[in-house]
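Listed below, chain by chain, are the residues.
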Amino acid sequence: MSDLRDFAVKGDKKIKLKSFPTKPDDSVSKEKIIKKTQANLKKMGEFQDRLYSEGKEGLVLIFQAMDAAGKDSTIKNVMSGLNPQGIDVYSFKVPNSEESSHGFLWRAIKCFPARGKMAIFNRSYYEDVLVVKVHKLYESAKIPNRCKHGDVIAKRYEDIKNFEKYEYNNGYRIIKFFLNVSKEEQKKRFLERIDLKIKNWKFSASDVKERAYWDEYMEAYESAINATATKNSPWYILPADKKWYTRYLVSEAVVDVFKKIAPQYPVLSDEAQNNLQKDKEILLSEE
Ligand code: ADP
């Protein structure tokens, strides 16, 4: 498995998380992959320039993962190929009181970029069907009882699917990444965060508590992915035990979505072209 298509989920069939690898095949060459990633980052920058100049379509990249799967460093790598003026990164934390007194999509809607621009979501409204599901946080939420009747999470899947369709119909593409780290690799990275002083700040006691819910999280991810993957808004379940490989597959997916958008530099009208020539003559006739 080394083709992006092997990791894409588009809603045409139900997937099992267990059948997706957390590391590359032995046949994959790290050196070649790093070179390909560099080439993709360059392509991404060129596409982003066209996207901005055309100003027709917006792009949102969503990153979801268990702790220490490498969201931050993957995002840093994507950003290294892009013009920061055309992209914003948003981190979705435990909702504050203003956020939790609104519908769960409210805070994300505010972060959608103007068309022509991009946004990266470090976590997202998917937390409302992940951590909220695992810990049944909706039970203690300040919402009317009628909103708790039936399957709250299944209703949210529907809301998300409809929301993503709405955004697509309004000129946005949303692609979603699940960085699929193994439980053993997470343990290794946690231990490193504890042992290495410069990494201590990355570790929080709640990380180990959440790890105890590993199976529940896997179930929540699997069911959220199956319920919300569509052709226009696919999920990518990417192996995350080797960061160089995750970065490559993310860059492949971003280049792929840019190819679908196919942004073009605007072509000027004949009149505007004539005006450019006149301005050129003025500039050239200067003393
Ligand atoms: P990160 O782990 O992304 O680097 P933090 O350590 O600050 O950042 O963790 C953010 C926390 O916020 C995560 O535990 C996440 O589950 C939680 N969170 C995000 N959105 C929600 C939400 N809607 N409801 C409850 N918790 C949330």
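Right above here is the structure, for reference.
Asks: Help me out: how do you make sense of the site of the ligand in this one?
Replies: Around the ligand, a shell composed of 13 residues is seen, among which Lys-71, Lys-93, Arg-107, Arg-123 and Glu-127 lie nearest. The contact in question runs from a nitrogen atom of the ligand to an N or O atom on the side chain of Arg-107, over 3.1 Å. Here an oxygen atom of the ligand and a side-chain polar atom of Glu-127 are 2.8 Å apart. Across the shell around the ligand, the residue classes tally to six nonpolar, no polar and seven charged.

Asks: What should I look at first to understand unusual backbone geometry in this one?
Replies: For residues besides glycine, phi is generally negative; the peptide bonds are generally trans as well. Positive phi, normally seen in glycine, also occurs at Ala-68, with a value near 65°. Tracing the backbone shows Ala-68 in the loop between β2 (58-65) and α2 (71-79). The buried category is assigned to Ala-68, whose relative accessible area is 10%.

Asks: Explain the environment of Met-44 to me, please; I cannot follow it from the model alone.
Replies: By the element assignment, Met-44 lies in helix α1 (residues 30-54). With a relative accessible area of 0%, Met-44 lands in the buried category. Those residues in contact with Met-44 that lie beyond four places of it in its chain are Val-78, Gly-81, Leu-82, Ser-251, Val-254, Val-255 and Phe-258.

Asks: Please clarify how the nonpolar core should be interpreted in this entry.
Replies: Soluble globular proteins: nonpolar side chains tend toward being buried together. Ranked by internal contacts, the top residues of the largest apolar core, which has 78 residues, are Leu-61, Phe-63, Phe-121, Tyr-125, Phe-177 and Phe-258. Phe-258 has contacts with Met-44, Phe-47, Gln-48, Leu-51, Leu-59, Met-118 and Pro-263, leaving out every residue within four places of it along the chain.

Asks: Can you walk me through the sheet that holds strand β5 (residues 172-180) in this structure?
Replies: Sheet strands pair via backbone hydrogen bonds, and the direction of the pair is either parallel or antiparallel. With mixed pairing, six strands are arranged side by side in an open sheet as β1-β6-β5-β2-β4-β3. The open sheet is flanked by β1 (8-9) and β3 (87-91), the only strands paired with a single partner. As paired elements, β5 and strand β6 (residues 235-239) share five bridges and run parallel to each other. Among the inter-strand pairings, Asn-180 is bridged to a residue of β6, identified as Pro-239. Relative to the sheet, α2 contacts β2, β3, β4 (118-122) and β5, its axis offset from that of β2 by approximately 155°.

Asks: How should the packing of aromatic side chains be read in this particular structure?
Replies: The geometry of an aromatic ring pair is captured by two quantities: the separation of the ring centres and the angle between the planes. Under the defined criterion, the tally for this structure stands at 16 aromatic pairs. For the pair Phe-47 and Phe-258, a centre-to-centre distance of 5.3 Å together with 10° between the ring planes defines the contact as stacked. With Phe-47 in helix α1 and Phe-258 in helix α10 (residues 243-261), this pair connects stretches of sequence that are 211 residues apart. Linked through ring pairs, Tyr-90, Phe-92, Phe-112, Phe-121, Tyr-125, Tyr-126, Phe-163, Tyr-166, Tyr-172 and Trp-235 together constitute an aromatic cluster. Over the aromatic face of Trp-106 sits the side chain of Lys-110, whose NZ or CZ is 3.9 Å from the ring centroid. The side chain of Arg-156 reaches across the aromatic face of Phe-104, ending 4.9 Å from its centre.

Asks: Would you take a moment to explain the environment of Asp-256 for this structure?
Replies: Structurally, the position occupied by Asp-256 is in helix α10. Classification of Asp-256 as partly exposed rests on a relative accessible area of 26%. Asp-256 sits 117 residues away from Glu-139 along the chain, and the two C-alpha atoms are 40 Å apart. Setting aside residues no more than four positions away along its own chain, Asp-256 makes contact with Leu-4 and Tyr-236.

Cut-offs and rules
- Residues numbered from 1 in each chain as written.
- Predicted model: local features only at pLDDT ≥ 70, side-chain atom pairs only at ≥ 80, totals over all residues.
- Heavy atoms only, no water.
- Near = heavy atom within 4 Å.
- Polar contact = N/O pair within 3.5 Å; in protein donor to acceptor, adjacent residues only side chain to side chain.
- Nonpolar A, V, L, I, M, F, W, Y, C, P; charged D, E, K, R; others polar.
- Helix = DSSP H or I, 4+ residues; strand = E, 2+ residues; numbered from the N terminus.
- Buried < 20%, exposed > 50% of the residue type's maximum accessible area, 1.4 Å probe, protein only.
- Contact = heavy atoms within 4.5 Å.
- Core = buried A, V, L, I, M, F, W, Y, C linked by side-chain atoms within 4.5 Å.
- Pairing = 2+ DSSP bridges.
- Axes fitted to C-alpha atoms, helices over the stretch in contact; angles between N-to-C directions.
- Phe/Tyr/Trp six-rings, centres within 6.5 Å; stacked < 30°, edge-to-face > 60°.
- Lys NZ or Arg CZ within 6 Å of the ring centre and 35° of its normal.

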